[in-house]
Each structure stands twice: as C-alpha cells, then as structure tokens.
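Chain and residue survey
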Amino acid sequence: MNTVGGADVGAAEMVRKYKAWEGSNKFCLGGRFIFGPDVRSVSLTVFLIIAPAAVFCVFVARKLMDDFSGDWGIAVLVVFIVSTVYVLVLLLLTSGRDPGIVPRNAQPPEPETNNLSTELGSGHTPRLPRTKDFIINGATVKVKYCDTCMLYRPPRCSHCSICDNCVERFDHHCPWVGQCIGLRNYRFFYMFVFSTMLLCLYVHGFCWVYIKKIMDSENSSIWKAMAKTPASIVLIVYTFLALWFVGGLSIFHLYLITTNQTTYENFRYQYSRRANPYNRGIVGNIMDIFCSSIPKSKNDFRAKVQKKQPMIPSHSVGDSFDSTTLAVSKRLQGKSIWDETNDKALAIGSNRVTLSSNGESVTEYQQYL
C-alpha cells in the first residue's frame with residue numbers, strides 16, 4: 001500500500017474533477033458550465049441587455065405594430081425578440097464554456113537527459129530552461145514555463161491571473177462576460193459583441209422611426225414628438241452610449257482578426273514593429289477564426305479524480321520536493337529549477353520534438369499558428 005506522510009493514498013476520496021479544480025473558476029450544473037471567478041458580472045450584463053429590451057418592446061415596438069400596415073409591425077417586434085435571445089445565447093456560449101484551459105501537470109517536466117551531467121543546481125537539483133524558442137514561419141517565438149501549472153505553455157498561451165489557468169490563444173479576461181477569452185470561445189465573444197452592436201443600432205433606429213411617426217400623425221415638431229415618448233429618448237441615449245463601447249470593440253477585434261493577433265499580443269508584442277509569424281493573410285485569418293473547427297476541451301470536468309488531501313510529508317518526495325507540504329514544494333521547486341542560459345531553439349513541424357516529458361508533440365500546437 002503506497003503511503004505519503006503516513007496517509008493512505010489508495011483510500012483517497014474520488015470526486016468529480018470540477019470539485020477538485022485548482023483554478024479560481026466557478027462551476028454550474030455539475031461541471032457542465034465553467035465560469036470565471038467574477039461570474040456575478042454576467043448578471044449585470046444580462047440586465048443591461050434585458051432591461052432596455054423590455055422597455056423597447058413595451059413602449060416602442062408595441063406602438064409600432066399599430067403604425068405599420070400589414071404584418072410589418074409584428075415583424076419589427078419578432079425580429080427584435082429573436083435577436084435579443086440570440087445575443088443572450090452567445091453570451092452564455094462565451095462565458096459558460098472552457099475557453100481553452102491547459103491542464104496542469106502533477107509535477108514539473110523532467111530535465112532533458114543530455115543536460116543532466118552539467119546542469120545541476122544546489123543540492124544536485126536538475127535545472128530546466130526558463131524559456132524555449134520555437135521557429136514559426138522563420139520567426140523565433142519564445143514559450144515560457146508556468147510556475148503554477150508546471151508546464152511549458154503552448155505558443156500563444158498565457159496564464160490568466162484572475163482565473164489562475166493557462167489558456168490557449170489567450171486574448172484577455174473580459175469582466176463583462178466573467179470569463180477568459182481564448183481559443184475555444186473567441187469566435188462566440190466576437191459574435192456576441194458584434195450582434196450586440198447590431199441590436200443597439202436596431203433599437204436606436206426604430207426609436208427615431210417611432211418619433212417620426214408621431215410627428216407625421218400629429219403634424220408636430222420633433223421636440224413635441226420626443227416629449228410624447230420619453231422612453232424613446234432614454235433608449236436613444238442609452239444605445240448611443242452603448243454603441244461607442246460595443247462598436248469600438250467590434251472594430252478593434254475585427255482588426256485583430258484580419259491581422260491574426262490577440263489583444264494580449266497586440267499590447268505586448270507590437271507586431272506593427274516586427275513581422276507577425278501567425279499572419280495568413282486577411283482571408284486566411286478570417287477563415288481561421290470563423291470557419292475552423294473548435295478543438296475539443298482538454299478537461300473533462302465531470303470525470304472522477306482523487307481528491308487531494310492537505311498533507312505534511314514526513315520525508316522529501318523525490319529529489320526536488322523538500323518543503324513542508326506538497327503544494328508548497330511544487331511551487332518552490334518550480335521556481336528553483338530555472339537556468340536562463342539554457343534556452344534551446346526548436347523547429348515546429350518535427351514529430352520528434354516535444355514540449356514536455358508527457359510526450360505531447362509540437363505538431364499538436366500547429367492549430368494555433
């Protein structure tokens with residue numbers, strides 16, 4: 001029977017993975033939906049959509065049903081309701097799914113054997129390079145080791161300090177959707193922002209149409225017509241302000257899509273000053289975002305795993321673990337195994353090159369290029 005610090009490992013409690021999750025995420029419906037720790041902000045976003053939608057339906061669209069001949073008035077209301085539901089569904093698909101979280105390693109990767117004879121730290125602890133270089137379309141791209149997740153991040157991956165996870169093709173953490181935006185939900189995020197912009201334009205436009213109808217029916221000035229429908233004025237101001245936000249986001253992210261950049265890369269790497277190794281041309285970049293298949297999540301949050309018990313080991317576990325607890329020892333070990341001078345250039349495209357000791361080939365990460 002294997003024991004660690006006198007504790008029986010074989011008797012460890014089996015729980016769903018989402019219950020033993022080490023990140024800061026919140027789960028819903030038994031791990032079927034995953035949100036960020038700021039999931040409550042989604043409620044505010046939903047309110048900011050539904051509240052003006054209700055006002056528009058009651059005070060504007062309902063009145064337009066009588067002003068338009070035939071079924072056009074009903075069509076205005078139906079199109080608006082369908083569009084609102086569509087925006088809310090996109091919000092759920094953005095905030096409630098795995099954005100592309102890279103599973104954590106249980107322990108740091110093993111140092112390369114050809115360096116063991118010369119690269120030894122204090123206490124004979126093998127050292128790992130802090131970064132590794134990849135050659136992508138002729139450009140050198142560094143991948144960093146993550147102390148928290150104990151792995152070399154795939155290209156375009158970054159660790160979100162809010163969710164405490166490494167996320168593939170990390171774009172940013174959006175407080176309005178309460179989730180990281182990454183490889184698996186960026187498409188839905190942009191569709192959500194762009195559809196919200198169109199919805200604002202729809203409401204803004206038909207509020208002015210309703211005011212024009214009042215002017216024509218009562219032969220009054222625009223000011224008197226506006227005084228007849230204060231709800232329309234509120235909606236016009238609200239959608240005008242919202243358009244600056246969602247419209248600006250839509251334009252900015254359209255630029256990022258056509259140049260194959262992420263928000264993180266745009267602010268950090270400044271591809272305007274150097275070549276972007278991921279750029280496939282405008283058409284290729286757009287196809288990459290909207291027409292490529294979304295990779296399956298690498299995390300089965302409903303799978304059963306052993307629940308980690310806080311333990312104080314009576315002896316060190318391996319050569320690198322000598323702290324008072326396993327969790328602390330991993331962090332300390334991860335921070336003590338760096339060797340800044342031992343960077344190694346790797347070329348993408350060879351099945352013989354691996355990121356870590358678990359055998360994941362570099363070719364797996366070609367989907368992010």
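Residues numbered from 1 in each chain as written. Predicted model: local features only at pLDDT ≥ 70, side-chain atom pairs only at ≥ 80, totals over all residues. Heavy atoms only, no water.

Before going further, it helps to spend a moment on the nonpolar core. Of all hydrophobic cores here, the largest spans 43 residues; its most connected members are Phe56, Val60, Phe80, Tyr186, Phe192 and Cys207. Only helix H1 (40-67), helix H2 (72-95), helix H3 (186-218), helix H4 (222-228) and helix H5 (230-259) provide two or more residues apiece to this core. In terms of residues, this core owes the most to one element, H3, which gives 16 residues. The residues contacting Phe192, other than those within four sequence positions of it, are Thr45, Ile49, Val87, Leu90, Leu91, Thr94 and Val177. Counting 6 residues, the second-largest nonpolar core is a separate cluster that includes Val102, Cys146, Cys149 and Cys166. (Core = buried A, V, L, I, M, F, W, Y, C linked by side-chain atoms within 4.5 Å. Buried < 20%, exposed > 50% of the residue type's maximum accessible area, 1.4 Å probe, protein only. Helix = DSSP H or I, 4+ residues; strand = E, 2+ residues; numbered from the N terminus. Contact = heavy atoms within 4.5 Å.)

For the rest of this paragraph, the subject is the pairing of strand S8 (residues 139-146). Regular strands have side chains that alternate between both faces of the sheet. For strand S7 (residues 131-136) and S8, the ladder comprises 6 bridges, and the chain directions are antiparallel. Counterpart to Ile135 in the pairing with S8 is Thr140. Of the pairings in the sheet, the one linking S8 to strand S9 (residues 151-152) comprises 2 bridges and is antiparallel in character. By the bridge assignment for S9, Cys146 is matched with Leu151. Once S8 ends, the chain turns through 4 residues before running back antiparallel as S9, passing Met150 with a positive phi of about 55°. (Pairing = 2+ DSSP bridges.)

Quick look at H1 now. Compared with an ideal rise of 1.5 Å per residue, which puts 28 residues at 40 Å, H1 spans 40 Å between its outermost C-alpha atoms and is within 8% of the ideal. Cys57 marks the point of greatest bend in H1, at about 40°. When we look at burial in H1, the residues that qualify are Ser41, Val42, Thr45, Ile49, Pro52, Ala53, Phe56, Cys57, Val60, Ala61 and Leu64. (Expected span 1.5 Å × (residues − 1). Bend = angle between axes of the 7 residues up to and from the residue.)

What follows concerns the packing of aromatic side chains. As enumerated under the stated definition, the model contains 16 aromatic pairs in all. Relative to Phe27, the ring of Tyr18 lies with its centre 5.6 Å away and its plane at 50°, an arrangement referred to as tilted. Between Trp176 and Phe245 the ring centres are 5.7 Å apart and the planes differ by 55°, which places this aromatic pair in the tilted class. On the criterion of sequence distance, the pair formed by Trp176 in the loop between strand S12 (172-174) and strand S13 (179-181) and Phe245 in helix H5 is long-range, its members being 69 residues apart. On the basis of relative accessible area, Trp176 is assigned to the partly exposed category, the value being 38%. (Phe/Tyr/Trp six-rings, centres within 6.5 Å; stacked < 30°, edge-to-face > 60°.)

A word on the pairing of S7. Burial analysis of S7 places 5 of its 6 residues in the buried class, which makes it a mostly covered element. What sits between the antiparallel neighbours S7 and S8 is a turn of 2 residues, in which Asn137 has the positive phi angle 50°.

Moving on: the state of the cysteines. Going through the model one piece at a time under the given rule, you end up with 0 disulfides. The thiol of Cys146 is unpaired, and the distance to the nearest cysteine sulfur, on Cys166, comes to 3.5 Å. On the accessibility criterion, Cys146 (2% relative accessible area) is buried. Overall, the relative accessible area of 0% leaves Cys166 in the buried class. (Disulfide = S-S within 2.5 Å.)

Turning our eyes to something else, we now look at a nonpolar patch on the surface. A grouping of Leu44, Phe47, Leu48, Trp176, Tyr238 and Phe245 is seen on the molecular surface, where their side chains present a nonpolar patch of about 570 Å² in accessible area. Secondary-structure elements contributing two or more residues to the nonpolar patch are H1 and H5. Among the elements that line the nonpolar patch, the one with the most residues is H1, at 3 residues. (Patch = residues over 30% accessible without salt bridge, like charges linked within 9 Å, V, L, I, M, F, W, Y side chains within 5 Å. Areas by Shrake-Rupley, 256 points an atom, 1.4 Å probe, with all protein chains shown as cover. Salt bridge = Lys/Arg side-chain N within 4 Å of Asp/Glu carboxyl O.)

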